[in-house]
Amino acid sequence: MSVPTMKALVYENPRTLNMRDVPIPAPADDEVLVRVSRVGICGSELSGYLGHNSLRKPPLVMGHEFAGIVERTGAQVSQLKPGDRVTVNPLVTCGSCSYCRTGRSQLCRQRQLLGAHRPGAFAEFVAVPARNAFKLDGTVSLEEGAFTEPFACAIHVCRLLALSPTDRLIIYGAGPIGLLALQAAQSYGVREAVVVDLNEKRLEIAEELGGIAVTGLERSPFAQGEFDAAIDAVGAEATRRGAVRAVRAGGRVVFTGLHEAESRLPINDMIRDEIAAIGAFTYTEQDFATAMSWIAQGRANLLPWTVHAPLEEGAACFDKLIEGPGKVAKILLTLE
């Protein structure tokens, strides 16, 4: 008896993505099978594609920012039914450890990420735990639903910073997370936010979203120590050091970019100025729920700067993002 197959974009070697026929996953009793509609390309997947990400080992179906329609449900699933429009929290955790029980499931030692440890959404179908799939509000499109995961990351960063409306914020990186962090910060009441990047086209997006755009690190018109809070959404030594230098004594810095594994920081200065620095990894379940709610309220919108392309053009889209996307915040691959 033949096994039913589906189309999938498979990462097979550095800089090698190919369309393949692979078996359609069978959902377990506590899972749902989702027919993928829209799936975003994440910066972490770009580093995986280049062979620079230890989590992503070929052969692998990547893809973790997505929305789709429930195709089939497992025997134990009652809260979802075929036809439901859903977005998915791709972080699969144990649910029983101390981290999971205290609202910090992103730190679960048994965590698995769809598209890294488990097959992801660069495919026609993906099987996910039913508890990780959430119905979309009727006013939210599938395109908007695919932004839930990265927006949850941005909300988590801003929540860790404990932002207040009077804070002056600086964000290093005008990629999707930096731009979404700008919008999340605005929802927390921040009115003065500077965004630093080398890509002038993406800085145009930041300005159109209400940010103050600055090109490069060396030509910044702002003095060191002017900001209350800083976000590094790049992960390079230069941007990490820039974020630390930018904040005043008693300021707060969140590192969320993963570009480089190690960086030198002015630790003695951080000690003397009591600068608080923390890493931010993904999001809590609360952050994910907040992202869904705020998207439904229209508090996050990158769709005017989003490009759609069929899954079959995925490899070319990866190359476009690496070589220079222009005035593009996100590429969503489509499967219908």
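Each residue is numbered by its place in its chain's sequence as written, counting from 1. Totals for whole chains, interfaces and linings use all residues, but because this is a predicted model, local features are given only for residues with pLDDT of at least 70 and pairs of side-chain atoms are given and counted only at 80 or more. The basis for the side-chain values is all heavy atoms of the structure; hydrogens and waters are excluded.

Engineer: Explain empty space enclosed by the protein residue by residue, including any values.
Structural biologist: Here a cavity means grid points, on a 1 Å grid over the protein atoms only, where a 1.4 Å probe fits yet cannot get out; a pocket means an open set of points with protein on both sides within 12 Å along at least five of seven lines; lining residues are those with an atom within 4 Å of a point. Grid points are joined across faces, edges and corners, and a volume is the space filled by probe spheres set on the points. Under the counting rule described, the total for this entry stands at 1 cavity of 30 Å³ or more. Quantified by volume, the largest cavity comes out at close to 70 Å³. If you trace the largest cavity, you find it lined by Glu144, Phe147, Leu180, Ile295, Ala300, Asn301, Leu302 and Leu303. Gly is placed with the polar residues, together with every amino acid not listed as nonpolar (Ala, Val, Leu, Ile, Met, Phe, Trp, Tyr, Cys and Pro) or charged (Asp, Glu, Lys and Arg). Looking at the lining of the largest cavity residue by residue, the classes come out as 6 nonpolar, 1 polar and 1 charged.

Engineer: Before we move on, could you go through the packing of helix α4 (residues 148-161) against helix α5 (residues 176-187) and cite the residues and values that matter?
Structural biologist: Contact pair α4 / α5: the axes reach a minimum separation of 8 Å and the direction vectors enclose 60°. As judged from the angle between their axes, α4 and α5 are oblique. Handedness of the α4/α5 crossing: right-handed. Between α4, through Pro150, Phe151, Cys153, Ala154, Ile155 and Cys158, and α5, the contact on the second element is made entirely by Ile177, Leu180, Ala181, Ala184 and Ala185. A breakdown of the residues in the contact of α4 with α5 according to their chemical character gives 11 nonpolar, no polar and no charged. Every axis corresponds to a line fitted to the C-alpha atoms, with the helix fit spanning only the stretch in contact, and the corresponding angles, defined between N-to-C directions, vary from 0 to 180 degrees. Numbering goes from the N terminus for both helices and strands, where a helix is a DSSP run of H or I of at least four residues and a strand is a run of E of at least two. Here the angle decides the label: under 35 degrees means roughly parallel, over 145 means roughly antiparallel, 65 to 115 means roughly perpendicular, and every other value means oblique. Should the near helix be turned anticlockwise from the far one by less than a right angle, the crossing is termed left-handed; should it be turned clockwise, right-handed. Contacts are assigned to residue pairs with any non-hydrogen atoms lying within 4.5 Å of each other.

Engineer: Quick one: what's the story with helix α7 (residues 237-246), residue by residue and with numbers?
Structural biologist: Across the 10 residues that make up α7, a large majority, 7, are buried. Think of it in three bands: residues with accessible area under 20% of the maximum for their type are buried, residues over 50% are exposed, and the middle band is partly exposed, with areas taken using a 1.4 Å probe on protein chains only. Among the residues of α7, Glu237, Thr239, Arg240, Gly242, Ala243, Val244 and Ala246 are the ones counted as buried. In this structure, the buried side of α7 is in contact with β10 (168-172), β13 (227-232), β14 (247-255) and α8 (267-272).

Engineer: Before we move on, could you go through the pairing of strand β1 (residues 5-13) and cite the residues and values that matter?
Structural biologist: As a general feature of sheets, a regular strand has side chains that alternate between the two faces. Pairing between strands requires that DSSP locate at least two bridges from one strand to the other. Direction of pairing for β1 relative to strand β2 (residues 16-23): antiparallel, over a ladder of 8 bridges. Its bridge partner lying in β2, Lys7 is registered against Asp21. Hairpin connection between β1 and β2: a loop of 2 residues separates the two successive antiparallel strands, and Arg15 in this loop has a positive phi of roughly 60°.

Engineer: Tell me about the sheet that holds β10, residues and numbers included.
Structural biologist: A sheet is described by the order of its strands in space; here 6 strands give the open sequence β12-β11-β10-β13-β14-β15, paired in parallel fashion. The open sheet has two free edges, formed respectively by β12 (212-215) and β15 (276-279), since each of these has just one partner strand. For this sheet the average axis-to-axis angle between neighbouring strands, irrespective of direction, equals 20°. Pairing of β10 with β13, which is carried by 4 bridges, proceeds in the parallel orientation. Its bridge partner being in β13, Ile170 is matched across the sheet by Ala230. Most of the contacts of helix α6 (residues 200-208) go to β12, to which it runs at about 165°, and overall it touches β11 (192-197) and β12.

Engineer: Explain α5 to me, using residue names and the numbers behind them.
Structural biologist: Take the number of residues in a helix, subtract one, and multiply by 1.5 Å to get its expected span. Between its terminal C-alpha atoms α5 stretches 17 Å, which fits the 16 Å expected from 12 residues at 1.5 Å a residue. Within α5, 9 of the 12 residues are buried, which leaves it mostly tucked inside the rest of the structure. Of the residues making up α5, those classed as buried are Pro176, Gly178, Leu179, Leu180, Ala181, Leu182, Gln183, Ala184 and Ala185. Just past α5, the residue Gly189 takes up positive phi, approximately 100°.

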